[in-house]
Amino acid sequence: MSRLKILALLPLAAALSGCDYVVLAPAGDIAAQQRDLVIISTVLMLLIVVPVMALTVLFAWRYRQSNTEARYEPDWDHSTKLELVIWSAPLLIIVCLGALTWMGTHLLDPYRTLGRIHADRAVDQSKAPLEVDVVALDWKWLFIYPDYGIATVNDLAAPVDRPINFRITASSVMNSFYIPALAGQIYAMPGMETKLHAVVNHAGTYKGFSANYSGAGFSGMHFDFQGLDDKGFDDWVAKAKSAGGSLGRAEYLQLEKPSQNEPVRRWGTIDADLYRLILNMCVETGKMCQSEMMAIDAKGGNGHQGLNNTLPLAYDKYARRGTALGPEPTFVAGTCTPDAPQGKTTASITAPVDTAPLLGAGLKRPSFTPLKSSSFFLGQRPKSDS
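Rules used in this analysis
Residues numbered from 1 in each chain as written. Predicted model: local features only at pLDDT ≥ 70, side-chain atom pairs only at ≥ 80, totals over all residues. Heavy atoms only, no water. Helix = DSSP H or I, 4+ residues; strand = E, 2+ residues; numbered from the N terminus. Buried < 20%, exposed > 50% of the residue type's maximum accessible area, 1.4 Å probe, protein only. Contact = heavy atoms within 4.5 Å. Pairing = 2+ DSSP bridges. Axes fitted to C-alpha atoms, helices over the stretch in contact; angles between N-to-C directions. UniProt positions renumbered as here; feature names shortened; annotations may be inferred. Parallel < 35°, antiparallel > 145°, perpendicular 65-115°, else oblique. Nonpolar A, V, L, I, M, F, W, Y, C, P; charged D, E, K, R; others polar. Core = buried A, V, L, I, M, F, W, Y, C linked by side-chain atoms within 4.5 Å. Disulfide = S-S within 2.5 Å. 1 Å grid on protein atoms, 1.4 Å probe; cavity = no way out; pocket = protein on both sides within 12 Å on 5 of 7 lines; lining within 4 Å. Points joined across faces, edges and corners; volume = space filled by probe spheres on them. Phe/Tyr/Trp six-rings, centres within 6.5 Å; stacked < 30°, edge-to-face > 60°. Lys NZ or Arg CZ within 6 Å of the ring centre and 35° of its normal.

**A closer look at the overall build of the chain**
Phase 1 of the analysis: Per the secondary structure count, the chain includes 8 helices and 19 strands.
Phase 2 of the analysis: Looking at the chain as a whole, 36% of its 386 residues qualify as buried.
Phase 3 of the analysis: In the chain, the share of contacts with a sequence separation of at least 24, taken over all contacts with a separation of at least 6, comes to 66%.

**Some details on the sheet that holds strand E6 (residues 155–159)**
Backbone-to-backbone hydrogen bonds pair the strands of a sheet. The strands run either parallel or antiparallel.
Phase 1 of the analysis: On the basis of which strands lie adjacent, the open sheet formed by 5 strands has the order E6-E12-E11-E8-E9 and mixed pairing. Each of the sheet's edge strands pairs with one partner strand only, and the pair in question is E6 and strand E9 (186–188). Ignoring which end each strand starts from, the neighbouring axes of this sheet average 25° apart.
Phase 2 of the analysis: Pairing between strand E8 (residues 175–178) and strand E11 (residues 204–210): 2 bridges, direction antiparallel. Within E11, the residue paired with Phe177 across the bridge is Ser210.
Phase 3 of the analysis: The strands touched by helix H4 (residues 230–242) within the sheet are E6 and strand E12 (222–228), with E6 carrying the most contacts at an inclination of about 145°.

**Examining the UniProt feature "transmembrane region" (unreviewed entry) in the chain**
Phase 1 of the analysis: Taking the UniProt record as the reference, the feature "transmembrane region" (unreviewed entry) is found at residues 37–61 and 82–103.
Phase 2 of the analysis: Along residues 37–61 one finds 100% helix and 0% strand; the C-alpha atoms at either end are 36 Å apart.
Phase 3 of the analysis: Helix makes up 100% of residues 82–103 and strand 0%. Its end C-alpha atoms lie 32 Å apart.

**A closer look at unusual backbone geometry**
Phase 1 of the analysis: Geometrically, the link from Asp138 to Trp139 is a cis peptide bond, its omega value of -5° lying close to zero.
Phase 2 of the analysis: The residue Trp139 is located in the loop between strand E3 (130–137) and strand E4 (140–145) in this model.
Phase 3 of the analysis: Even without being glycine, Asp161 reaches a positive phi, approximately 65°.
Phase 4 of the analysis: Mapped onto the elements of the fold, Asp161 is located in the loop between E6 and strand E7 (164–170).

**Quick look at the packing of helix H2 (residues 29–62) against helix H3 (residues 80–107)**
Phase 1 of the analysis: In contact at an axis separation of 9 Å, H2 and H3 are set at 170° when each is read in the N-to-C sense. The angle between H2 and H3 places the two elements in the roughly antiparallel class. Two secondary-structure elements touch here, H2 through Leu37, Ile40, Ser41, Leu44, Met45, Leu47 and Ile48 and H3 through Ala89, Pro90, Ile93, Cys96, Leu97, Leu100 and Gly104.
Phase 2 of the analysis: A class-by-class count of the residues in the contact of H2 with H3 yields 12 nonpolar, 2 polar and no charged.

**Re the nonpolar core**
Phase 1 of the analysis: Residues Val132, Phe143, Tyr145, Leu156, Phe166, Phe177 and Phe225 are the most contacted members of the largest nonpolar core, which totals 43 residues.
Phase 2 of the analysis: In this structure, Phe177 is in contact with Val134, Trp141, Phe143, Leu156, Phe166, Ile168, Gly184, Gln185, Ile186, Leu196, Phe209 and Phe223, ignoring residues within four places of it in sequence.
Phase 3 of the analysis: Core analysis: the next-biggest nonpolar cluster, separate from the first, contains 20 residues, Ile144, Leu274, Tyr275 and Leu279 among them.

**With respect to the state of the cysteines**
Phase 1 of the analysis: Within the structure shown, the criterion is met by 1 disulfide.
Phase 2 of the analysis: Bridging Cys282 to Cys289, the disulfide has an S-S length of 2.0 Å. Between Cys282 and Cys289, the disulfide has an S-S torsion of 75° and is therefore right-handed. In terms of burial, Cys282 and Cys289 fall into one category: buried.

**Re the layout of surface pockets**
Phase 1 of the analysis: Within this model, the largest pocket holds a volume of roughly 670 Å³.
Phase 2 of the analysis: Lining of the largest pocket is provided by 19 residues; of these, Leu55, Phe59, Tyr63, Trp76 and Leu82 occupy positions nearest its centre.
Phase 3 of the analysis: When contributions to the lining of the largest pocket are tallied by element, the ones reaching two or more residues are H2 and H3.
Phase 4 of the analysis: Looking at the lining of the largest pocket element by element, the count peaks at 7 residues for H2.
Phase 5 of the analysis: When the residues that make up the lining of the largest pocket are grouped by side-chain class, the tally is 15 nonpolar, 1 polar and 3 charged.

**Description of the packing of aromatic side chains**
Phase 1 of the analysis: For the structure shown, the criterion picks out 13 aromatic pairs.
Phase 2 of the analysis: Seen in terms of ring centroids, Phe59 and Tyr63 are 6.1 Å apart; in terms of plane orientation they differ by 65°. Their pairing is edge-to-face.
Phase 3 of the analysis: Assessed through its relative accessible area of 46%, Phe59 is described here as partly exposed.
Phase 4 of the analysis: Residues Tyr213 and Phe218 carry aromatic rings whose centres are separated by 5.4 Å and whose planes lie at 65° to one another, so their mutual orientation is edge-to-face.
Phase 5 of the analysis: Put simply, the rings of Trp141, Phe143, Phe166, Phe177 and Phe223 pair up and form one aromatic cluster.
Phase 6 of the analysis: A cation over an aromatic ring shows up here: Arg64 above the ring of Trp61, its NZ or CZ 3.9 Å from the ring centre.

And the structure:
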């Protein structure tokens, strides 16, 4: 081969060497089953595509104008045998694809607990799965290990052949949690929780990222996922614990603020209730949780008096959007729920709500008139103080 030809092929070789076929060579059983679906579906479709392309070339060559030996039948318009082939072959392929889709939809449902960790190995029921809480932030990933009391940013690890239960949410805009070597992508949405069950079968370091554009820092929103043996994972947990620091409400509110290209960070201890507060969008002190608000709404709501139960936000990522309750950003203050008499659910608003943390931040005292230590049955409008 001449030197010029070799030089011409170098860009192609460089491009091919940079290809990453992780989707076709995954490290987890779920991703492997998804790969098999892709391959089988592609082969089934090629059973039609390849013959059609080959026959197109054959007909163009055989019935070209210069070929006087080809049969010429200008009045031909129908062939039952040909019609059967044309319609039956695609129909059979569609039936096969439909069956594969139906089975894959149920067997590979991300909410479905794993029935196996490999094609020839069932799940060991004596070994508890690894619980990981995932929070998509702007623009970084927060991983909380509730069973180990640790948390990390942009650093995820799991033992090989141990089922992983992911609970996924977001702090603001929608993102997509995706580790191609492990399983398919799952959306992360604020105020909502999605789930993913997966397992890693081969030790190694694999890329994870957001597959849904979410703003200016999106390109740096990636992390490393490490598949480790049991000892390696124990060492990883010990390293996180030795990092020290505690991730509580105040620390999370600082972490939640938008930032780009965040380095790996670790916390040795965490607030055990932090993920629930993030999911219910009530990390701020005194803010009513979404679950509590939904329970009140299910009983009929607080009516017009509910407008009084607001406090200014110390930090509001939506402040520029304004608010219906005034120029200052506000939130609904939390309520306490004492024991309900005769099985009825009650809610209590005690005034004044503790605003010391907010006033210490230089904010004005709320300008509303809170309800006076009144308990009322949900679904009934409280009497006005006037």
